[in-house]
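Residues per chain, in single letters:
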Amino acid sequence: MRLQQIEIVGFKSFAKKSALSFNTPVTAVVGPNGSGKSNVVEAFRFVLGEQSMKSMRGKSGADLIFRGGVGSPKLSRASVAVTFDNSDKVFQFQTGETKSPVLFDTVTFSRELFADGTSKYLVNGTEVRLKQMVELLSSVNIGASGHHIISQGEADGILRANAKDRREILEDSLGLKIYHYRIKESESKLEKTQTTLKEIQLLRRELAPHITFLKKQVEKIEKGQAIRSELQSMLTRFLSTEKAHLTSEENRIKEATSLIEQKKKDLEQELKGLVGTGDANGSNILEQIENHRNSVIELQEKRRAFEQKISRLEGMIEAHRVMSQRHPPAGGAGGASISFAPTEYNQLLSDIEFFVVSIKNAASLEAVQNALQKLAPLIEGLKARQPQPADKTNTSSSIGDIKDTVLELESLQKNLAPLVAKEQETQRQISQLEKEREQVLMTSASSTESKYRITSEIKQCESELQILYVTKSAFAERKERFDQEIKEAGFLFGPSFLHTLNTSNSEEGIDMHDLQRSIDRLKIRLEEHSGIGNEVVDEYKSTVERDAFLTKELVDIESSAKNLESLIVDLKKVLDERFTKGVEKINERFGDFFKTMFGGGNAFLSITLEKKRKKKLSEEEMIEEEVYPEEGGDQIFERGIDVHVSLPEKKVKELTMLSGGERSLVSIALLFAITQVNPPPFLVLDETDAALDEANSRRYGDMVERLS
């Protein structure tokens, strides 16, 4: 037993809540005409999801709601609930290839209809979609309309129906309607998938030129970034090395300027000292020398006077020698006199003559002084002689003259020695003064040379300072360019570059000019790649990511479309196989019931493919109509069901040739055969025996009892 109860509220003629329980195999609902018996049948159709208002004798949903009557107001909603026994868990949800049983012992299907025409479906009080309810009902081989609900006057409806409608009734009875829903749903999904696929392909076609443009821009940016990176590296090398060079150059200029200025200051001080010295030409010493030379001249004049005296003495000595040869000297008798031996006297004259000649011929005062010193003993010897009286002879005068000469020589010795000493001292002083003057002259020459040298060195220092000033000016310009480079680099690469520059070491041995030229070239190239914002990179990345996402979606959708196409093919294949096998099973039962009803004969069903002209049908319509396009032709095929009967005592070619009773018997036999293949939980027969005579009504009742 499956059907337990139906509860009707506000549906058509049921203003109040009415519940019909089904506790026996066969339940009859009886009543006079217009009592609402057919409304019970339509309530079954309604709750099981019937969408055609015409089949329920209405034009709109509002026609199914109680309109009011005597003592009963108009209602705004209608509700029908039907309850089934599910103790064996026959009701199942199907998800894909898996089935999940409903775990309740009873299952109640409800449908509520509102005045605006909207409906709500519930299973055990939980709202569900119509599709889900249809799936549950298909698991027990029932639907909104078909073989298990025969309305009044529609006993031979299956025969009056066309081939396509018969096919639908059989598919509904065989539980194949769910495949049509799935095929339709899959086709709808496939259509949406193909629409989405076209939209994605269109989007990708629209994105392609934009991506190409952005890619070129990004490549330009990436090239600019590579140039920027190379420029940053070169600038780091150049500026760190330049910084070290500038620091070294600045220190060198400061040290060189300080040294040269100090040297110039020292030279100026030294020059000032040289200019402040005294007699540079030795004029004072020269004057002293002149004075001493004048003294020497005076001494020489005195010396010449001495020479004259010596000449005179020489003449006297010569005269005495001549006289002594004629008259040898002897002691005088007339008084005291000096007595000499003849040889002694001559020797004395020779010695005196020799020393006088020596004095006369002396080359220097020292020689005169030596001669005088040697003459002194002779004079001392003459002094030692005691005077003796002698005779006055002719020699007395000569001896007196010799005496005078000796005395004069003695006087000369006394006077000449200081003179010689003074002359010698004067000559020594002259010599000393000449040396001093020579030293002064040499010092003066050295001083002049030093002045020229110092002046030259001062000028050289000034020239070097001037060069340093020019160098310092060039250094200032170089430093200004360096500072400008630092500012530009900081603006170009940010504060991190300055930190990197401060921590970088200078490089030795690099060509700064070549490096500067390379940097200038890179700056020009970077200018060519500038003007493109980083937002282009972000836009390119997002666009590429979107394109990649669309590509992935395209692959997924294409895969989904292929899966849907494969699923549709599989569903159609399963539908064809099950439909063909179901028709074979129905034919077996149909023949048995037909023979029972007619006492013989034969009846069977056949599957037909009707040719129709190709119309512009959507895929959904083609699935709904079960039409198949013929390859390479302008015709389509529509599958249907034909009924073939052969009465035992009557030759009939067409169903239209049957009488009304025969048509009812054939229809009842076919419906009963259908119910035997896949038995539904209930079967509603609304006055299906109305066209039968008494004998056939008995046969009909026997089959109903048999089926119960």
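No experiment lies behind these values; they were computed from the predicted model shown.

Caption draft 1: Just the layout of surface pockets, in detail. Space inside the second largest pocket adds up to approximately 1200 Å³. Lining the second largest pocket are 36 residues, and of these Val26, Thr27, Leu683, Val684 and Leu685 sit closest to its centre. Put simply, the parts of the chain that give the lining of the second largest pocket at least two residues each are α1 (37-47), α14 (660-677), β15 (684-685) and α15 (694-707). Top element by residues in the lining of the second largest pocket is α1. It accounts for five residues.

Caption draft 2: Highlighting the sheet that holds strand β8 (residues 126-128). Read from one edge of the open sheet, six strands run β2-β1-β3-β6-β7-β8, paired in antiparallel fashion. Each edge of the sheet is formed by a strand with only one pairing partner; in this case those strands are β2 (18-21) and β8. In this sheet, adjacent strand axes meet at a mean angle of 20° when their direction is disregarded. Pairing analysis gives five bridges linking strand β6 (residues 106-114) to strand β7 (residues 119-123), with the strands arranged antiparallel. When the bridges of β7 are listed, Glu112 appears paired with Lys120.

Caption draft 3: Seen up close, the pattern of salt bridges. According to the stated counting rule, one finds 20 salt bridges in the structure shown. Here Lys12 and Glu42 are joined by a salt bridge, their closest N and O atoms 2.2 Å apart. Of this pair, Lys12 sits in the loop between β1 (3-9) and β2 while Glu42 sits in helix α1, placing them 30 residues apart in sequence. Judged on exposure class, the residue Lys12 and its partner Glu42 are both buried. Glu462 is the salt-bridge partner of Lys264, the closest N and O atoms lying 3.4 Å from each other. Of the two residues, Lys264 is situated in helix α5 (residues 177-275) and Glu462 in helix α9 (residues 396-493); the sequence distance between them amounts to 198 residues. Take Lys264: its relative accessible area is 19%, and that puts it in the buried class. Taking relative accessible area as the criterion, Glu462 reaches 38% and is therefore assigned partly exposed.

Caption draft 4: Region of the structure containing the packing of aromatic side chains. Under the criterion given, the structure shown has 11 aromatic pairs. Both rings, one in Phe44 and one in Phe682, keep their centres 5.1 Å apart while their planes meet at 40°; by these two values the pair is tilted. Highlighted residues: Phe44 in helix α1 and Phe682 in the loop between α14 and β15, separated in sequence by 638 residues. For Phe44, a relative accessible area of 4% gives the class buried. Measuring from ring centre to ring centre gives 5.7 Å for Phe84 and Phe91, while their planes differ by 55°; the resulting arrangement is tilted. Three or more aromatic residues link up through ring pairs in this structure, and these residues are Phe22, Phe44, Phe84, Phe91, Phe109 and Phe682.

About the criteria used
- Residues numbered from 1 in each chain as written.
- Predicted model: local features only at pLDDT ≥ 70, side-chain atom pairs only at ≥ 80, totals over all residues.
- Heavy atoms only, no water.
- 1 Å grid on protein atoms, 1.4 Å probe; cavity = no way out; pocket = protein on both sides within 12 Å on 5 of 7 lines; lining within 4 Å.
- Points joined across faces, edges and corners; volume = space filled by probe spheres on them.
- Helix = DSSP H or I, 4+ residues; strand = E, 2+ residues; numbered from the N terminus.
- Pairing = 2+ DSSP bridges.
- Axes fitted to C-alpha atoms, helices over the stretch in contact; angles between N-to-C directions.
- Salt bridge = Lys/Arg side-chain N within 4 Å of Asp/Glu carboxyl O.
- Buried < 20%, exposed > 50% of the residue type's maximum accessible area, 1.4 Å probe, protein only.
- Phe/Tyr/Trp six-rings, centres within 6.5 Å; stacked < 30°, edge-to-face > 60°.

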